[in-house]
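Here is what each chain is made of, one letter per residue.
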Amino acid sequence: MDTLTTTQPVTHKLPNPCGAHVLARALKRHGVSIIFGQSLPSALHLVAPEFGLKQFAYRTENAGAAMADGYARATNRVSVVTAQNGPAAALLAPGLAEAYKASIPIVAIVQDVRRNQTDKNAFQELDHFDIFRGCAKWVKRVAEASRIEDYVDMAFTAAASGRPGPAVLLFPQDLLQEAVKADATTPRNAVLSHFPLDRSAADPARVAEAAKLLAEAERPLIVAGGGVHSSQATEVLACLQDEAHIPVATSSMGKGAVSELHPLSVGVIGYFMGKRGMARYLRPLVTEADAILFIGNRTNQNGTDSWTLFPKNARYIHLDIDGQEVGRNYEALRLVGDAKLSLEALSDALSKQDLSKRKSARAKVEQQIAAGRKAHTDEAQAMQIGRAHV
């Protein structure tokens, strides 16, 4: 929608148009159709229906952040959640922290105190920058109505680009109620709500090196993390698993990156390989691997069994969009880039390698995985029989 004024019925007394109209139009342009929020910022929620934006209410802000997180994961689009200033905004922090660590893009719109009441102990006035600094990629306060669209674009860019995560926009109450001219801003066309926003592949020379390492390894293993889902790289990974004959394990966030029924699928590893764990009997596939490829994986405590699971003498390859995560806990061949594009390049590079070693080893690996699954099933059935006789 290019215009700020609409033909929809108006049931409020706000200036038409006002700052809230500029904000709602910008959200609509970015493909937003749902806003998770309660009553504030009230100006935004009052004008939102004029732009076809639906409000989904939450009981508490931490629940709202979780709703926005789930929506972004399910749609691969940046979600929007709103909150009042002060303690209400602070309740967004736990949900945004989860999204921050899990690399899920959310734009949080928080109503702030009026500009002429800043630092006067206005109602529920808090330092929102300090609240959100540890759980968001980007936090900004909009000071001028003429800059609203600039900051909305910056927020969506921050949330969806690079390693995705939350971005927070602070809007003074009076700014959203301020009257603006209908032609105050030049209509824009950019849509920045999908993610990954900008895809870039890893260095081709390093991709070729990684392909050679995997093809020549005796016992290679791929460990897929949540970045595979965020990058929509599951189909590419499934093809690589089958065509390169390499077993694939996942972290808990990477679960489902490949079918767990595939004969080369190890399942979820890390802490989940303990007593009665589904992958318990497949531990040697990890501990005896000599070449390990991490994809979209933070190599965190849960996924590495407190960093004790993976062998010290293995060669590591680490593919991630965030260069700071690459090699964080395991020195690795660095593949910094989008998982989908980089896996496509890796698949192509592997097709040019001699994969006879991989192909000849496949049957034995499949037998090992099948035996491990059966051992777990037998153990589970024995437990059920034992309980039935108690």
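Up top is the structure these notes are about.
Numbers given to residues run from 1 along each chain, matching the order in which its sequence is written. For a predicted model such as this one, the threshold for reporting local features is a pLDDT of at least 70, and the threshold for listing and counting side-chain atom pairs is 80 or more; totals across whole chains, interfaces and linings nevertheless cover every residue. With hydrogens and water set aside, each side-chain value is computed from the structure's full complement of heavy atoms.

1. Side note on the pattern of salt bridges
A carboxyl oxygen of Asp or Glu within 4 Å of a side-chain nitrogen of Lys or Arg is what we treat as a salt bridge. Inspection of the entire model under this criterion finds 25 salt bridges. With a closest N to O distance of 3.0 Å, glutamate 149 and arginine 29 form a salt bridge. Of this pair, glutamate 149 sits in helix α7 (residues 148-160) while arginine 29 is found in helix α1 (residues 19-29), placing the two residues 120 residues apart along the sequence. Like glutamate 149, the residue arginine 29 is buried in the burial classification. Arginine 362 serves as the salt-bridge partner of aspartate 242, at 2.8 Å between the closest nitrogen and oxygen. One end of the pair, aspartate 242, is in helix α11 (residues 234-244); the other, arginine 362, is in helix α15 (residues 356-388), and 120 residues separate them in sequence. Working definition: with a 1.4 Å probe on protein chains only, accessible area under 20% of the residue-type maximum means buried, over 50% means exposed, and in between means partly exposed. Assessed through its relative accessible area of 15%, arginine 362 is described here as buried. Three or more residues joined by partner-sharing salt bridges are found here, namely Arg25, Arg29, Arg147, Glu149, Asp150, Asp153 and Arg188. Strands here mean DSSP runs of E at least two residues long; helices mean DSSP runs of H or I at least four residues long; both are numbered from the N terminus.

2. Observations regarding the pairing of strand β12 (residues 333-336)
The alternating pattern of β12 places Leu333 and Leu335 on a buried face and Arg334 and Val336 on a face that is not buried. DSSP bridges decide pairing: two strands pair if at least two such bridges lie between them. Looking at chain direction, strand β11 (residues 315-320) and β12 are connected through four bridges and run parallel. Within β12, the residue paired with isoleucine 317 across the bridge is leucine 333.

3. Details of the side chain of serine 265
Tracing the backbone through its elements, the reader meets serine 265 in strand β9 (residues 265-268). Pairs of residues are marked as contacts when any of their non-hydrogen atoms sit within 4.5 Å. Not counting residues up to four positions away in its chain, the partners in contact with serine 265 are Gln241, Val248, Val258, Ser259, Glu260, Ile369 and Arg373.

4. A look at the packing of aromatic side chains
Within 6.5 Å between ring centres, the rings of Phe, Tyr and Trp (the latter by its six-membered ring) count as paired, and their orientation is classed by plane angle as stacked under 30 degrees, edge-to-face over 60, tilted in between. Inspection of every chain in the model, using the stated rule, returns seven aromatic pairs. When the centroid spacing of 5.7 Å and the interplanar angle of 5 degrees are considered together, the rings of phenylalanine 294 and tyrosine 316 count as stacked. Placement of the pair is phenylalanine 294 in strand β10 (residues 291-295) and tyrosine 316 in strand β11, with a sequence separation of 22 residues. For the residue pair phenylalanine 294 and tyrosine 316, the accessibility class agrees, reading buried in each case. The structure contains a cluster of three or more aromatic residues connected by ring pairs, namely Phe294, Phe310, Tyr316 and Tyr330.

5. Here we look at the side chain of asparagine 76
With respect to the helices and strands, the residue asparagine 76 is situated in the loop between α3 (61-75) and β3 (79-83). Within 3.5 Å is the distance limit for a polar contact, defined as a pair of N or O atoms, with the added protein rule that one can donate a hydrogen and the other accept it, and that residues adjacent in sequence qualify only through two side-chain atoms. Within polar-contact distance, the side chain of asparagine 76 engages the backbone oxygen of phenylalanine 195 at 3.2 Å. Among all residues touching asparagine 76, those that are not within four sequence positions of it are Ser193, His194, Phe195, His229, Ser230 and Gln232.

6. Some remarks on the sheet that holds strand β7 (residues 220-224)
In a beta sheet, neighbouring strands pair by backbone hydrogen bonds and run either parallel or antiparallel. Taken in spatial order, the six strands line up as β9-β8-β7-β10-β11-β12 in an open sheet, and their pairing is parallel. The open sheet terminates on both sides in strands that have one partner only, identified here as β9 and β12. Along the sheet, successive strands turn relative to each other by an average axial angle of 15 degrees, direction set aside. Both strand β8 (residues 248-250) and β9 contribute to a ladder of three bridges, which runs parallel. Opposite alanine 249, over in β9, you have glycine 267 as the bridge partner. Axis lines are fitted through C-alpha atoms, for helices just across the contact stretch, and the angle between N-to-C directions can take any value from 0 to 180 degrees.

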